[in-house]
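# Examining the three-dimensional arrangement
Chain by chain, the residues run as shown.
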Amino acid sequence: MNRKSFILLLFLLSTTVVLGQKKASDQYLSIDEFPNAVNYLPAPPDTASLAFVDDFNQYMWGKAQRNNAQRREQARFGAVWDIDSTLVYFSGAFGMTITKEHTPKLYRLVEKYLNTTYQAVNKAKEYYFRRRPYAQFNEHTIYLPDEEDLKHNGSYPSGHTNRGWTLALLLSEINPTRQDTIISCGYQYGINRVIAGYHWQSDVDAAFTVAAAAYARIHADAQFCKDLEAAKKEYLRISGIKIDNSPSDKGFLPVAQYVSVRNFMPAPPDTTEMRMFKDYYGYWRGKSLRAERGAQAIKDAPSWAKDIAANYSEAFGYPINESTLPKLLALMNKMSNDLHYVGKTLKNQSFRKRPYVRFGENTIIPEEEASHINSSSYPSFHTLAGWADALLLTELNPARSEQILKRGFEYGQSRVIAGYHWQTDVDAARIQASTMFARLHANPEFNKELEEVKKELRKAAQRFAK
C-alpha cells in the first residue's frame, strides 16, 4: 500500500466518514458511501440465456402460491413500503411492535437505518434497469398501487428484499433470542416479491447479498453505532430479556446460538426438481470458466482464516498476517472456529452429493476429491467462511468495500468453478454467513475484540504512512 492509501485508511478508521459525502439529516450515509453492487455482483440473467430458466420457473411458482390466501395476503402486505407497515410486518417475529411512543430510540434508529440502507441497491437498479416480470409478461401483480410507478424502476436487485433483509439482520442483532423467527420473517419478506410478481428470483437472491454488504458497511459509521447502542439499551430495559452469550470452547458462541438456514430456507433441490436446473447450469458454466478462472479457484481452495487473510490482503489494501495485523488475524481465526462448527453441523443434517461425484467427473483440484466424497455439499463451508470474512473486512475498511466484496463473492464462486459445489450450496452459505455476522454483533466479546482490531489498524496505518 502506498503512502497516500495509508493516510486515507487512517482517516477513515479515525472518523468512519468518507470524503465528499452528501447525506440527508435522516440518513447515516449517502448513496456514494455504499459499495456499488455493479462492481461486485454479476449482471442479471438475460431473457435469452439458460440462466433465465430459473427466473421463469420461479415466476410461475410464485403465481401458483397466490392460490393460498394466507400467503397471498402476506405478500400483499409486505409490498407496502412505509416504515410503520414494515414494522408491523416484523412485530410478531421480533416479539414487540416498534413505535415512536413505546420505543422512541429504537424506532428512530430503524427509521434512519432504513432510509440509509435502501440506497445500497439504487446504482445497480439504474445501471441494469431490468424489466420486472409483471411488465415483461404484461400481467398484474397482487398489489396494484405500485404497478405504474415500478415500471420505471429497475428490477435488479430487489429493493424490498434489501429492506427486509437489512432490517432482519439489525433486529436479530438487537434481540438474538428471537433470531430464528426474525431471520425467517426477513427471508420470506424477500420471497414475497417473487410471489407478488414484482421481482425475478435472481433479483431477490442478489438483494440478500447486497443487504448483507449494506449491513456491514453501515456498522463502520460512528453515529449509527452510537444510536444502535442506545436503542439496544432501551429495548433491553423495556423487554427485560436476558441475552445468552455463553462462550464456546474455541470461538465466540456455541453452535446452538446461531440461526440455521435449514430452519428458514427450502431444502436444496432434488435432482428431479425444476430448480435443479439452476445447479446444472451453474456446473456447466463453471466448467467453461476454468480456463479463465481455474488458477484462482485452485488458489482459493484453502479455507482457514490465515489462508483467507492472505487471499484477501490485496483487496483489503493491507497485508493480513501475524506480523502486520495479529489481532485481526486472531479475530478471523476465532470467527473461523464458529463458522467451521456451524458449517459442519449443517452438513451433517443431510447428505448431498457434490457435483463432481454426481457426474462422475474430475475437479480441477484432484488431490481433494477422495476426501470430499463423503462430505456433504450443502452448504459450502468455503463460501460461509469467505463471505463472513468479506463482511468483517468491509466493516473494518469501508474505503475498499467494493474490492473486498468482489473478492469475497468470487471466493464462493470458485467452489462452483472447481466442481466441488452446486450454486445453491454457495447461495445458502452466503445467507448463513450474514446471519452469523449479525449474531456476532450481539456478542460483547466479539465487539470488544473488534474494537481492539480497529485500534490496531489505526496504529498500523500511522506506522506505514511514515
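Residues numbered from 1 in each chain as written. Predicted model: local features only at pLDDT ≥ 70, side-chain atom pairs only at ≥ 80, totals over all residues. Heavy atoms only, no water.

Another aspect to go through is the environment of Lys 112. Examined against the element boundaries, Lys 112 turns out to sit in helix α5 (residues 104–117). You can call Lys 112 buried: its relative accessible area is 14%. In sequence terms Lys 112 and Ala 75 are 37 residues apart; their C-alpha atoms lie 24 Å from each other. Other than its neighbours up to four places away in sequence, Lys 112 contacts Ser 25, Asp 26, Gln 27 and Tyr 28. (Helix = DSSP H or I, 4+ residues; strand = E, 2+ residues; numbered from the N terminus. Buried < 20%, exposed > 50% of the residue type's maximum accessible area, 1.4 Å probe, protein only. Contact = heavy atoms within 4.5 Å.)

This part takes up empty space enclosed by the protein. Applying the stated criterion to the full structure yields one cavity of 30 Å³ or more. Put simply, the largest cavity is a space of about 30 Å³. Around the largest cavity sit Ile 31, Phe 34, Pro 35, Asn 36, Ala 37, Gln 119, Ala 120, Asn 122 and Lys 123, which together line it. Looking at the lining of the largest cavity, its residues break down into five nonpolar, three polar and one charged. (1 Å grid on protein atoms, 1.4 Å probe; cavity = no way out; pocket = protein on both sides within 12 Å on 5 of 7 lines; lining within 4 Å. Points joined across faces, edges and corners; volume = space filled by probe spheres on them. Nonpolar A, V, L, I, M, F, W, Y, C, P; charged D, E, K, R; others polar.)

Below, the discussion takes up unusual backbone geometry. Most peptide bonds take the trans form, and the phi angle of most residues other than glycine is negative. Omega for the bond connecting Tyr 156 with Pro 157 falls within 30 degrees of zero, at -10°, which places this linkage in the cis form. Of note, Pro 157 is situated in the loop between α8 (147–150) and α9 (159–174). For the bond from Tyr 378 to Pro 379, the omega torsion is -10°, close enough to zero to count as cis. Along the chain, the position of Pro 379 falls in the loop between α19 (369–372) and α20 (381–396).

The next point concerns the side chain of Glu 456. Its location among the elements puts Glu 456 in helix α23 (residues 444–465). The buried charged residue Glu 456 lacks any salt bridge partner; its closest oppositely charged side chain belongs to Lys 327, at an N-O distance of 5.9 Å. Apart from residues lying up to four places away in sequence, Glu 456 is in contact with Leu 325, Pro 326, Lys 327 and Leu 328. (Lys, Arg positive; Asp, Glu negative; His and termini not counted. Salt bridge = Lys/Arg side-chain N within 4 Å of Asp/Glu carboxyl O.)

The next point concerns α20. Helix length check: α20 (16 residues) gives 23 Å between terminal C-alpha atoms against 22 Å at 1.5 Å per residue, within 8%. With 16 of its 16 residues buried, α20 lies for the most part within the structure. (Expected span 1.5 Å × (residues − 1).)

Now for the packing of aromatic side chains. Inspection of the entire model under this criterion finds 31 aromatic pairs. Judged by centre distance (6.1 Å) and plane angle (80°), the rings of Tyr 215 and Phe 437 are edge-to-face. Linking Tyr 215 in helix α11 (residues 201–218) with Phe 437 in helix α22 (residues 423–440), this pair joins segments that are 222 residues apart in sequence. Centre to centre, the rings of Tyr 283 and Trp 422 are 6.3 Å apart; their planes meet at 55°, and the pair counts as tilted. Pair noted here: Tyr 283 is in helix α14 (residues 276–288) and Trp 422 is in the loop between α21 (401–418) and α22, with a separation of 139 residues, a long-range link. Taken together, Phe 277, Tyr 280, Tyr 283, Trp 284, Phe 359 and Trp 422 form an aromatic cluster joined through their ring pairs. Above the plane of the ring of Tyr 28 lies Lys 112, whose end atom (NZ or CZ) is 4.5 Å from the centre. Its end group placed over the ring of Trp 81, Arg 163 keeps NZ or CZ at 4.3 Å from the ring centre. (Phe/Tyr/Trp six-rings, centres within 6.5 Å; stacked < 30°, edge-to-face > 60°. Lys NZ or Arg CZ within 6 Å of the ring centre and 35° of its normal.)

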